[in-house]
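# Observations on the three-dimensional arrangement
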Protein chains: 2
Amino acid sequence: MTASADLAPLVAALPADCVIADPDRMDAYRRDRANDPHAGVPLAVIRATCTEDVQTAVRFAAAHRIPVVPRGAGSGLSGGSSAVDGCLVVSTERMRKITVDPTSRTAVVEPGLFNAEVKAAAAEHGLWYPPDPSSYEFCSIGGNVATNAGGLCCVKYGVTSDYVLGLTVVLADGTAVELGGPRLKDVAGLSLTKLFVGSEGTLGIITRIVLRLIPAQRPRATLVATFASLEDATRTVLDVTRGIRPSMLEFMDRTSINAVEDLTRMGLDRTAEAMLVIQSDEPAAHAAAEIAHIGELCRANHAVEVFAADDPETGEAFTTARRMAIPAVEKKGSLLLEDVGVPVPELGALVRGVAAISAARDVTIAVIAHAGDGNTHPLIVFDPMDADQSARAHLAYAQVMDLAIALGGTITGEHGVGRLKKAWLPDYLGPDALELNRRIKNALDPLGILNPGAVF
Amino acid sequence: MTASADLAPLVAALPADCVIADPDRMDAYRRDRANDPHAGVPLAVIRATCTEDVQTAVRFAAAHRIPVVPRGAGSGLSGGSSAVDGCLVVSTERMRKITVDPTSRTAVVEPGLFNAEVKAAAAEHGLWYPPDPSSYEFCSIGGNVATNAGGLCCVKYGVTSDYVLGLTVVLADGTAVELGGPRLKDVAGLSLTKLFVGSEGTLGIITRIVLRLIPAQRPRATLVATFASLEDATRTVLDVTRGIRPSMLEFMDRTSINAVEDLTRMGLDRTAEAMLVIQSDEPAAHAAAEIAHIGELCRANHAVEVFAADDPETGEAFTTARRMAIPAVEKKGSLLLEDVGVPVPELGALVRGVAAISAARDVTIAVIAHAGDGNTHPLIVFDPMDADQSARAHLAYAQVMDLAIALGGTITGEHGVGRLKKAWLPDYLGPDALELNRRIKNALDPLGILNPGAVF
């Protein structure tokens, strides 16, 4: 790697103001929300304005064997956008065009747009882009595609990959390929569009996305239930998923309830072991029946309180409470943010196991979960100044992933492997699937310049 | 290729009755429904009973550099399962286990089960596997996954890929890898599960599938409308897709209407230029409103007759009529079966263009379409004994694909490239995307033994 390559030809080949090489200005581009302490110092940051700019940057990097770290809004939680020493950070933040075609119910989007902006543009045509990471107001659609992001609606509406019909991708040699397009059905050639979704910048840089949209979501009815035991809450989740398809099915444990209550003073029950927030978006009469049925299931599982919020404002307040859990817990200390998932029937075992790890390691672990699809976020809280506690927190972080693997689950449901979780990927995938991953990576990036150190 | 490899060690390594080498018995395994005249003669047919049998066969093939042609139910329409001289045909027809887990709403399925059997097993638990190729009663789920099959429900419910959460795949060296699993969210490593969906046996042989299921479909309300002009019908399709999400939106032209009427005598209007069959599966009151609204759109576009079938039997009769179109047209002569798709706004241009090609080449082309997602099946009818007509039919077949490409469409929406359409793949993909396809193929099958001659 020639980290000291002369940038002048690159600066000359790009529009004015595209290249940042000033260390102070580059600092904001070194880390994502994972706050990777090992983040390196880039050679330069490229703020691309179009596909051609990205191609120019990647061709330069390939010629000089310089690592390329693609970057969306920097909201990633696994260190997928940690800078590498001497790399080019290629930021897509300025690529923000969108066009919506209501007749084919598709949108063509540039990667720098925020998820919320995609939703808003769709809504102008009475349409909806469902995937909704908690960070939807400040995460980019390009980052969503690169990580195959999830969210709260996935239990009914699936994940990012289910909405990606086409991509333009800049490959490791600077070639831009168009894959798929605004067609609901297309089986000509390999499913390369889907391969790039979730590839975390290791196979190419996504510069244009064709999304499938669906008609606007109906108003949602919300139910909130509190439980005196974790088991009652997780058993309720299984009773719901067995027969009903809610549009949201979220879980919070006592630590996260209290953290949110500390922040909001909205009157949450601080003594509850667990709270479920459940929504239905069926047509009004059906939604009411569905919520009533879910309420019965909660009561049959000894819910302490069951509260149906018919008005959208109250429902939205509880959804917001759930979305605020991560920032609320973050106020208690530094976080190691987990993203483990299990088959839904194992949810209870996972939640109980995490509580046991918390006790054994004597560290606070707040658990929130997209319970309906078995995807949990244990938030491990620690004081980075306390070396012993930090060490115990990191042990707990590892144990939670080991536990998920043992329960037939995954080390990451929606955040990505990035740099923080890559040490656990071999255990999760096993040698044969790992080798298959590597073979694809090597075929598409033989020089290994694309996001080195992430995933693999 | 040593087409004369000694089969004895393979026979010895497999369960009794797995290996067929008798030419008469092998004949039934040489072709799929595409009836490829260039189908070769296999060295042997392996009727695998489990993943290990498939591994044994592939290892033998790899050791002797023998081509392997994977085969499901043989219902493919693009020649993806045409035998190659001296190959091993690996049939999964005997791999028929299924388990359904209603709590996680997933099914673990072996590839030999028919699509209809998967649906039936899900229905026992009040669940539904949506994808519904017209051949659903005699196509295998393994073949569906290998081709990323579609169907009539895709306009609302998406394609096979949207329901595949995990796979076991036997690779070109005989290794079996497990990818994904019964988790709605899993982003650990590359999206390899999705890569194998639609790979038409060129990257590996699928031996186990984890499917996502959804709650049972509600009863459907059906509307049938006939039109005196193609334009009126295709304009209606756009008016519907712009604001409504029907669960079925099918198109038949005059030739296909008449072919079905010849067969069924159900009283279809033989003078209509086009017929639309549209369904809603919203809750009853909403379905009625949706169907009424669609009826208004039909009338605004000069529909000759608009007929709402509230009772499921009548609705089912029209769906069956649509599903019978291919066998009905098949009675008129040999078929070249197209599967071109365009972005929905181009549907009218495609249908008109096909009519122009039919006139210019003086061959009958019946057009049926999954109109709501722009996926059409022009059926080119010819007499194989008439050399001149055959030549004109083949010219028309090529022209229809050229037209689709020119309209921003695809050469195959749901049947696959197989051997019949591979000559058009380079034009459709363009050199860069084709090269990317080849790079993946070469990385996973360096000896080129998996389904050689298909797709690439």
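For the structure, check the block above.
A short tour of the structure in this document, coming up. (Residues numbered from 1 in each chain as written. Chains lettered and ligands numbered in written order. Predicted model: local features only at pLDDT ≥ 70, side-chain atom pairs only at ≥ 80, totals over all residues. Heavy atoms only, no water.)

## Here's the deal with the relation of the copies chain A and chain B
One chain copy maps onto the other through a rotation about an axis and a shift parallel to that axis. Overlaying chain A on chain B yields an RMSD of 0.0 Å, the required transformation being a rotation through 180 degrees with an accompanying axial translation of 0.0 Å. Here the two chains are linked by the operation of a two-fold rotation axis. Most of the interface of chain A is mirrored in chain B, where 100% of its interface residues again form contacts. (Least-squares fit on C-alpha atoms with pLDDT ≥ 70 in both. Contact = heavy atoms within 4.5 Å.)

## Comments concerning the pattern of salt bridges
Following the criterion strictly, the structure yields 50 salt bridges over all chains and no others. Where D445 of chain A meets K441 of chain A, a salt bridge forms, and the shortest distance between an N and an O atom there is 2.8 Å. By sharing partners, the salt bridges in this structure join K156, D281 and E282 of chain A together with R218 of chain B into a single network. (Salt bridge = Lys/Arg side-chain N within 4 Å of Asp/Glu carboxyl O.)

## Observations regarding the sheet that holds strand 12 (residues 221–227) of chain A
All names here are of chain A. Across the sheet, which stays open at both edges, the 7 strands sit in the order 15-12-14-13-17-18-16 with antiparallel pairing between neighbours. Only two strands of the sheet have a single partner each, and these edge strands are strand 15 (303–309) and strand 16 (334–337). Neighbour-to-neighbour, the strand axes of the sheet open up by a mean angle of 15 degrees, direction not taken into account. The pairing of strand 13 (residues 248–253) with strand 17 (residues 364–370) spans 2 bridges and is antiparallel. By the bridge assignment for strand 17, F251 is matched with A369. (Pairing = 2+ DSSP bridges. Helix = DSSP H or I, 4+ residues; strand = E, 2+ residues; numbered from the N terminus. Axes fitted to C-alpha atoms, helices over the stretch in contact; angles between N-to-C directions.)

## Details of the interface of chain A and chain B
With 84 residues of chain A in contact, the opposing surface of chain B contributes 84 residues. For the chain A and chain B pair, buried surface summed over both sides reaches about 6,400 Å², with 60% attributable to carbon and sulfur atoms. The three residues of chain A that bury the most area against chain B are K185, V187 and L190 of chain A, which together make up 14% of that side's buried surface. Our enumeration of links across chain A and chain B arrives at 34 residue pairs in polar contact (both at pLDDT 80 or more). For the side of chain A that touches chain B, the secondary structure elements donating two or more residues are helix 6 (154–157), strand 9 (176–180), helix 7 (192–196), strand 11 (214–215), helix 8 (230–243) and helix 15 (425–444) of chain A. At 12 residues, the largest contribution of residues to the side of chain A that touches chain B is made by helix 15 of chain A. (Buried area = accessible area lost by both parts, 1.4 Å probe. Polar contact = N/O pair within 3.5 Å; in protein donor to acceptor, adjacent residues only side chain to side chain.)

## Brief notes about the environment of A369 of chain A
Residues and elements named next belong to chain A. In this structure, A369 sits in strand 17. Under the relative-accessibility criterion, A369 is labelled buried at 0%. Each C-alpha atom of the pair A369 and R245 lies 17 Å from the other, and the pair is 124 residues apart in sequence. (Buried < 20%, exposed > 50% of the residue type's maximum accessible area, 1.4 Å probe, protein only.)

## So, the layout of surface pockets
As a volume, the largest pocket reaches approximately 1,100 Å³. As for the largest pocket, its lining consists of 40 residues, and the residues nearest its centre are K156 and R218 of chain A together with K156, R218 and E282 of chain B. The set of elements that each furnish at least two residues to the lining of the largest pocket consists of helix 6, strand 11 and helix 10 (284–300) of chain A together with helix 6 (154–157), strand 11 (214–215) and helix 10 (284–300) of chain B. No other element matches helix 10 of chain B, which puts 3 residues into the lining of the largest pocket. (1 Å grid on protein atoms, 1.4 Å probe; cavity = no way out; pocket = protein on both sides within 12 Å on 5 of 7 lines; lining within 4 Å. Points joined across faces, edges and corners; volume = space filled by probe spheres on them.)

## What about the pairing of strand 8 (residues 164–170) of chain B?
All names here are of chain B. The buried fraction of strand 8 amounts to 7 of the 7 residues, a majority that puts the element mostly inside the structure. Where strand 8 lies against strand 9 (residues 176–180), 5 bridges are found, and the strand directions are antiparallel. Residue pairing in the sheet places T168 in a bridge with E178 of strand 9.

## Focus on the packing of aromatic side chains
Each aromatic ring pair is described using two quantities: the centre-to-centre distance and the angle formed by the ring planes. Residues and elements named next belong to chain A. Taken as a whole and assessed by the stated rule, the structure comprises 8 aromatic pairs over all chains. Judged by centre distance (6.0 Å) and plane angle (55 degrees), the rings of F307 and F318 are tilted. Residue F307 is found in strand 15, and its partner F318 is found in helix 11 (residues 312–323); the two are separated by 11 residues along the sequence. Looking at F307, the relative accessible area reads 38%, which means it is partly exposed. (Phe/Tyr/Trp six-rings, centres within 6.5 Å; stacked < 30°, edge-to-face > 60°.)

## Considering the pairing of strand 6 (residues 106–109) of chain A
Residue and element names in this part refer to chain A. Looking at chain direction, strand 5 (residues 98–101) and strand 6 are connected through 4 bridges and run antiparallel. The partner of I98 across the bridge, within strand 6, is V109. Hairpin geometry of strand 5 and strand 6 is characterised by an intervening segment of 4 residues between the two adjacent antiparallel strands and by a positive phi of about 50 degrees at R105.

## A look at the sheet that holds strand 10 (residues 205–212) of chain B
Residues and elements named next belong to chain B. Within the open sheet, the 5 strands sit side by side as 5-6-10-8-9. Their pairing is antiparallel. Every other strand in the sheet has two partners, leaving strand 5 (98–101) and strand 9 as the edge strands with one partner each. Strand-to-strand twist across the sheet, computed as the mean angle between neighbouring axes with direction ignored, equals 10 degrees. Along the sheet face, helix 3 (residues 51–64) touches strand 8, strand 9 and strand 10 and points at about 45 degrees away from the line of strand 8.

## Details of the environment of V54 of chain A
Residues and elements named next belong to chain A. On the secondary structure map, V54 appears in helix 3 (residues 51–64). Taking the C-alpha atoms as reference points, V54 and V84, 30 residues apart in sequence, are found 18 Å from one another. Setting aside chain neighbours within four positions, we find V54 in contact with A48, V90, M95, V170, I205 and T207.

## Brief notes about the side chain of K156 of chain A
Residue and element names in this part refer to chain A. Looking at where K156 falls in the secondary structure, it is placed in helix 6. We classify K156 as buried; its relative accessible area is 8%. Here the side chain of K156 touches E282 through a polar contact of 2.7 Å, side chain to side chain. In contact with K156, not counting residues within four places along its chain, are R245, P246, S247, D281 and E282.

## A look at the nonpolar core
One finds F251 of chain A together with F251 of chain B to be the most contacted residues of the largest nonpolar core, which totals 180 residues. With residues near it in sequence (within four places) discarded, F251 of chain B still touches L230, A233, T234, A274, M275, L276, R322, V351, V367, I368, A369 and A371 of chain B. (Core = buried A, V, L, I, M, F, W, Y, C linked by side-chain atoms within 4.5 Å.)

## A word on the packing of helix 8 of chain A against helix 13 (residues 347–361) of chain A
Residue and element names in this part refer to chain A. Two numbers describe how helix 8 lies on helix 13: the axes approach to 9 Å, and their chain directions differ by 155 degrees. As judged from the angle between their axes, helix 8 and helix 13 are roughly antiparallel. Handedness of the helix 8/helix 13 crossing: right-handed. Contacts between helix 8 and helix 13 pair L230, E231, T234 and V237 from the former with L347, G348, V351, R352 and A355 from the latter. (Parallel < 35°, antiparallel > 145°, perpendicular 65-115°, else oblique. Left-handed = near helix turned anticlockwise from the far one by under 90°.)

## Considering helix 10 of chain A
All names here are of chain A. In this model helix 10 runs 24 Å from its N-terminal to its C-terminal C-alpha over 17 residues, within 8% of the 24 Å that 1.5 Å per residue would give. Those residues of helix 10 hidden inside the fold are in contact with strand 12, helix 8, strand 14 (274–280) and strand 15. At the C-terminal side of helix 10, H302 shows a positive phi close to 65 degrees. (Expected span 1.5 Å × (residues − 1).)

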